[in-house]
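Here are the chains, one letter per residue:
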Amino acid sequence: MKKVLILCTGNSCRSIIAEALVNKYLSDNGIKAYSAGSNPSGKVNPNAKKVLEVDGSWDDSYYSKTIDEVMSNGPFDLVVTVCDNAKESCPVFPNAKVLHVGFEDPDGKPFEAFEETKKQIQDRLLPIIKKELKVINKKVNATQTGVKISFTGEVKKENIVKMVENCATGQCECMSDATKKKIQNMEVKGEDGAVELELTGEIEKEEIEAALQRSKVLNQ
């Protein structure tokens with residue numbers, strides 16, 4: 001699991017919205033988000049909560065908090081500041097990459113401004129986080145002969161080949177012995193950025209999806 005910390009000043013609007021969107025839309029990519037404020041207001045803006053509820057992204061665990069409060073959830077792989085004040089006062093995170101992706105503060109504006117902020121964060125910030133954390137997109141489909149996995153994004157063909165070799169030589173830790181016995185053949189196709197892995201055998205889509213989540217080669 002890769003962790004991203006999102007910072008702003010009050011931790012009541014932008015960083016809360018970003019935290020929730022990352023956790024909803026990037027959790028399947030093995031990414032977990034946290035948020036905090038350099039000078040937290042101590043409350044979540046009602047319109048920020050409302051826009052996330054409409055999106056289905058709200059969770060009652062989200063609240064306005066200090067940076068010190070979230071440090072126990074680290075270390076973080078990526079730290080993102082989403083307002084200029086937080087950028088200027090951002091503490092040092094020696095083991096994390098720190099970058100700034102600013103958004104206009106919707107606080108005090110109509111609900112439509114919060115909808116626009118949510119859209120901008122989803123359209124701009126989420127792709128940047130996926131790229132910075134080298135996210136590999138995985139799509140698993142059942143076929144007549146087994147299962148086909150399509151990998152896109154920051155994927156290298158040599159890593160998929162390595163994963164297959166590990167499975168073939170018994171070094172794979174992601175699959176159960178029962179699943180390994182079902183696989184009759186594994187074939188890698190494609191190139192960096194777009195790789196396909198075809199598995200032949202009486203295997204279920206769900207057991208392969210579970211194995212991919214445990215793969216050290218893919219999630220290192």
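The coordinates are above.
Residues numbered from 1 in each chain as written. Predicted model: local features only at pLDDT ≥ 70, side-chain atom pairs only at ≥ 80, totals over all residues. Heavy atoms only, no water.

Asks: I would appreciate a short explanation of the nonpolar core in the present structure.
Replies: It is characteristic of soluble globular proteins that their nonpolar side chains tend to be buried jointly. Ranked by internal contacts, the top residues of the largest apolar core, which has 45 residues, are Val4, Leu5, Val22, Leu125 and Ile129. Elements supplying a minimum of two residues to this core: strand S1 (2-8), helix H1 (14-25), strand S2 (31-37), helix H2 (46-55), helix H3 (67-70), strand S3 (78-81) and helix H5 (111-132). In this view, Leu125 contacts Ala18, Val80, Val82, Val101, Phe103 and Gln120; residues no more than four positions away in its chain are not counted. Residues Phe151, Val164, Cys172 and Ile208 belong to the second largest nonpolar core, which totals 21 residues. (Core = buried A, V, L, I, M, F, W, Y, C linked by side-chain atoms within 4.5 Å. Buried < 20%, exposed > 50% of the residue type's maximum accessible area, 1.4 Å probe, protein only. Helix = DSSP H or I, 4+ residues; strand = E, 2+ residues; numbered from the N terminus. Contact = heavy atoms within 4.5 Å.)

Asks: Please explain the packing of H1 against H2 as it appears in this structure.
Replies: Geometrically, a packed helix pair is captured by the angle between its two axes and the distance between the axes. Contact geometry of H1 with H2 gives a least axis separation of 10 Å together with a crossing angle of 15 degrees. By the criterion of interaxial angle, the relationship of H1 to H2 is roughly parallel. Relative to H2, the crossing made by H1 is right-handed. The segment H1 lies against H2, with Ile16, Ile17, Ala20, Leu21, Lys24 and Tyr25 engaging Ala48, Val51, Leu52 and Asp55. When its residues are assigned to classes, the contact of H1 with H2 shows eight nonpolar, no polar and two charged. (Axes fitted to C-alpha atoms, helices over the stretch in contact; angles between N-to-C directions. Parallel < 35°, antiparallel > 145°, perpendicular 65-115°, else oblique. Left-handed = near helix turned anticlockwise from the far one by under 90°. Nonpolar A, V, L, I, M, F, W, Y, C, P; charged D, E, K, R; others polar.)

Asks: Looking at this model, I keep getting lost on the sheet that holds strand S8 (residues 194-201). Mind explaining?
Replies: Note: strands within a sheet are paired through backbone hydrogen bonds, in either parallel or antiparallel orientation. Across the sheet, which stays open at both edges, the four strands sit in the order S5-S6-S8-S7 with antiparallel pairing between neighbours. Of all strands in the sheet, those bounded by a partner on one side alone are strand S5 (136-142) and strand S7 (183-191). Between one strand axis and the next, the sheet turns by 15 degrees as a mean value, whatever way the strands run. (Pairing = 2+ DSSP bridges.)

Asks: Mind showing me how you'd approach empty space enclosed by the protein here?
Replies: Using a probe with the size of a water molecule, rolled over the atoms, empty space left in the structure can be pinpointed. Going through the model one piece at a time under the given rule, you end up with one cavity of 30 Å³ or more. Quantified by volume, the largest cavity comes out at close to 70 Å³. Forming the walls of the largest cavity are Ile149, Met163, Val164, Cys167, Cys174, Met175, Met186, Leu197, Leu199, Ile208, Ala211 and Leu212. Of all the secondary structure elements, the ones that give two or more residues to the lining of the largest cavity are helix H6 (157-168), S8 and helix H8 (205-214). Partitioned by chemical class, the residues of the lining of the largest cavity number 12 nonpolar, no polar and no charged. (1 Å grid on protein atoms, 1.4 Å probe; cavity = no way out; pocket = protein on both sides within 12 Å on 5 of 7 lines; lining within 4 Å. Points joined across faces, edges and corners; volume = space filled by probe spheres on them.)

Asks: Any chance you could explain H1 here in plain terms?
Replies: Given 3.6 residues to a turn, an α-helix orients residues that are three or four positions apart in the same direction. Compared with an ideal rise of 1.5 Å per residue, which puts 12 residues at 16 Å, H1 spans 16 Å between its outermost C-alpha atoms and is within 8% of the ideal. Along H1, 10 of the 12 residues are buried, which leaves the element largely enclosed by surrounding structure. Within H1, burial applies to Arg14, Ser15, Ile16, Ile17, Ala18, Glu19, Ala20, Leu21, Val22 and Asn23. Buried residues along H1 sit in contact with S1, S2, H2 and H5. (Expected span 1.5 Å × (residues − 1).)

Asks: Before we go on, may I ask you to explain the sheet that holds S1 in this structure?
Replies: Taken together, the four strands give an open sheet; going across it, the order is S2-S1-S3-S4, and neighbouring strands pair in parallel fashion. A single partner strand is all that each edge strand has here, and the edge strands are S2 and strand S4 (97-100). Adjacent strand axes in the sheet meet at a mean angle of 20 degrees when their direction is disregarded. When S3 meets S4, the two strands line up parallel, connected through four bridges. Each residue of the ladder has a partner; that of Val79, found in S4, is Val98. Strand contacts of H1: S1 and S2, with the helix running at about 170 degrees to S2, the strand carrying the most contacts.

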